[in-house]
Amino acid sequence: MILKPIPTHVVTGFLGVGKTSFIQYLLAHKPVGETWAVLVNEFGEIGIDGELLRGEGGDVAIKEVAGGCLCCAAGVPIQVAVNQLIAKAKPDRLFIEPTGLGHPKAIVETLSQGHFQQVLSMRASLCLVDPRKLNDPRYLESELFTQQLHIADLILANKMDLASDDDVKRLEAYLTQQAIKAEVMPVQVSKLLLENDAALYQSLNLHYFQRPTAWRAQMPARQTLGASLTGALQRPTLPFEEAPEAQTLQFDEQGIYRASNQHEGRYTLGWVFDYRYEFDFEALVAWVKQQGYLRLKAVMITDEGIAALLALRVLKVDRCKAQFAANGPSPSQEL
């Protein structure tokens, strides 16, 4: 039974900006005794972020929705996913990480509907941005990029160790041009995570975790749902009953499951390998560096252990890092 609305934050940012690392950082500083839940939406048909987050402890519930944007189909996927996660975890705080190609405005609108107001308390929305991207016309011309910044209560300018003074000035000028007044906080999430530095978390907890999202407060009053609206927009079943989980993956005769997707002019390819596959780590990293991609994520069984590969191609420069977990082989591995 839900006794009080659950504080809920939407964490946005374009592909490769560091959203998953940021949520890992938050989970690392979660107060003892609290249960947190994370709803992750992957653009690709095969989810990776959920696997990267699942090692954070038994008092953290992770639910992953792969294969497109949560807000599509009149908000039904987000409502179903939230219902399932709340029913299973009964969390003290909820974080929602939409795909970098998702529409965060629609997600906030959906979760601000009347029937959710008794269950969710929409708190500050957090947007991560890489200042270097303001030099790329594709970002400036993207409605999604601008929308993410517009609904943010706090903008985290990440990867500041790689950004120049001109990059920062370009970001400031763009925010001024777009009349975006949210505070901008420079951060290096990877460094904070590596050093277990709680400074950012303490600041967020003090100034933003209790603050209602200002964007929602400025929304015009919504009209009462009428009979003319389709059933897809109606109030979901309450109490929050858990729906069936996704069907088991169907592997081919080689022990491989393949999937693909496309959205907003981007394409994804994904594979899940049977756990009996073991890859040569050095050869795997070499293969990753040879491929043409915007972003690549993988959790793989290798001869050197379980490896999490995070690779991003930026201006013809490849960066690839590997992280290892001490746990044994997983039932399947994803690329």
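Residues numbered from 1 in each chain as written. Predicted model: local features only at pLDDT ≥ 70, side-chain atom pairs only at ≥ 80, totals over all residues. Heavy atoms only, no water.

(A) Here's a closer look at the overall build of the protein. From N to C terminus, the protein includes 11 helices and 14 strands. Within the span of the protein, comprising 335 residues, buried residues form 50% of the whole. Relative to all contacts within the protein whose residues are 6 or more apart in sequence, the contacts with residues 24 or more apart total 73%. Carbon and sulfur atoms make up 51% of the accessible area of the protein, which totals about 16800 Å². (Helix = DSSP H or I, 4+ residues; strand = E, 2+ residues; numbered from the N terminus. Buried < 20%, exposed > 50% of the residue type's maximum accessible area, 1.4 Å probe, protein only. Contact = heavy atoms within 4.5 Å. Areas by Shrake-Rupley, 256 points an atom, 1.4 Å probe, with all protein chains shown as cover.)

(B) Representation of the pairing of strand S1 (residues 6-12) within the structure. When you tally the buried positions in S1, you get 7 out of 7 residues, the bulk of the element. Across the two faces of S1 the burial is the same, with Ile6, Thr8, Val10 and Thr12 and Pro7, His9 and Val11 all buried. Two strands pair when backbone bridges link them, and S1 and strand S4 (residues 93-97) are joined in this way by 3 bridges, in the parallel orientation. Its bridge partner lying in S4, Val10 is registered against Ile96. When S1 meets strand S6 (residues 126-129), the two strands line up parallel, connected through 2 bridges. Paired with Val11 across the bridge in S6 is Leu126. (Pairing = 2+ DSSP bridges.)

(C) Up close: the confidence of the model for the protein. Averaged over all residues, the pLDDT of the protein equals 74, while 67% of them reach at least 70. The secondary structure element of the protein with the lowest average pLDDT is strand S13 (residues 317-325), at 38, and the one with the highest is strand S7 (residues 154-157), at 97. Segment residues 43-52: pLDDT under 50, and 52 contacts once partners within four positions in sequence are set aside and those in other chains are kept. (pLDDT = per-residue confidence, 0-100.)

(D) Spotlight on the packing of helix H1 (residues 19-28) against helix H9 (residues 199-207). Running from amino to carboxyl end, H1 crosses H9 at an angle of 80°, the nearest separation of the two axes being 10 Å. Taken together, the axis directions place H1 and H9 in an arrangement best described as roughly perpendicular. Judged by residue contacts, Phe22, Tyr25 and Leu26 of H1 engage Ala199, Leu200, Tyr201 and Leu204 from H9. Considered class by class, the residues forming the contact of H1 with H9 number 7 nonpolar, no polar and no charged. (Axes fitted to C-alpha atoms, helices over the stretch in contact; angles between N-to-C directions. Parallel < 35°, antiparallel > 145°, perpendicular 65-115°, else oblique. Nonpolar A, V, L, I, M, F, W, Y, C, P; charged D, E, K, R; others polar.)

(E) Expanded view of the pattern of salt bridges. One pass over the full model with this rule turns up 5 salt bridges. Ionic pairing is found between Lys30 and Asp59, a salt bridge with its closest N-O pair at 2.7 Å. Here Lys30 is found in the loop between H1 and strand S2 (36-42), whereas its partner Asp59 is found in the loop between helix H2 (49-53) and strand S3 (60-66), with 29 residues between them in sequence. Classification of Lys30 as buried rests on a relative accessible area of 12%. The closest approach of N and O atoms between Asp130 and Arg132, which form a salt bridge, is 2.6 Å. Residue Asp130 is classed as buried on the basis of its relative accessible area, which comes to 4%. (Salt bridge = Lys/Arg side-chain N within 4 Å of Asp/Glu carboxyl O.)

(F) Expanded view of a negative patch on the surface. Taken together, Glu278, Asp280, Glu282, Asp303 and Glu304 make up a surface patch of like negative charges. If you trace the backbone, Glu304 turns up in the loop between strand S11 (295-302) and strand S12 (305-314). (Patch = residues over 30% accessible without salt bridge, like charges linked within 9 Å, V, L, I, M, F, W, Y side chains within 5 Å. Lys, Arg positive; Asp, Glu negative; His and termini not counted. Charge placed at Lys NZ, Arg CZ, Asp CG, Glu CD.)

(G) Examining the packing of aromatic side chains more closely. This structure, assessed with the given rule, holds 10 aromatic pairs. Between the aromatic rings of Tyr139 and Phe145, the centroid separation amounts to 5.5 Å while the plane-to-plane angle is 90°, which identifies the pairing as edge-to-face. In terms of burial, Tyr139 and Phe145 fall into one category: buried. Centroid distance Phe145 to Tyr174: 6.0 Å. Interplanar angle 35°. Geometry classified as tilted. Taken together, the positions of Phe145 in helix H6 (residues 143-150) and Tyr174 in helix H7 (residues 165-177) put the pair 29 residues apart, joining distant regions of the chain. Accessibility classification places Phe145 together with Tyr174 in one group, the buried group. In textbook terms, an aromatic cluster arises when at least three aromatic residues are bridged by ring pairs, as seen for Phe14, Tyr139, Phe145 and Tyr174. (Phe/Tyr/Trp six-rings, centres within 6.5 Å; stacked < 30°, edge-to-face > 60°.)

(H) Geometry of the nonpolar core. Residues Phe22, Leu26, Leu156, Leu200 and Leu204 are the most contacted members of the largest nonpolar core, which totals 27 residues. The element that contributes the greatest number of residues to this core is H1, accounting for 5 residues. Discounting residues that sit within four places of it in the chain, Phe22 has contacts with Val11, Leu126, Leu128, Leu156, Val189, Leu200 and Leu204. Membership of the second largest hydrophobic core comes to 22 residues, among which are Ile6, Val119, Met122 and Trp215. (Core = buried A, V, L, I, M, F, W, Y, C linked by side-chain atoms within 4.5 Å.)

(I) Geometry of helix H4 (residues 104-111). Every buried residue belonging to H4 is among Pro104, Ile107, Val108, Thr110 and Leu111, and all of these are buried. Down the axis of H4, the buried set is contained in an arc of 160°. They therefore lie on one face. (Arc of directions from axis to C-beta.)

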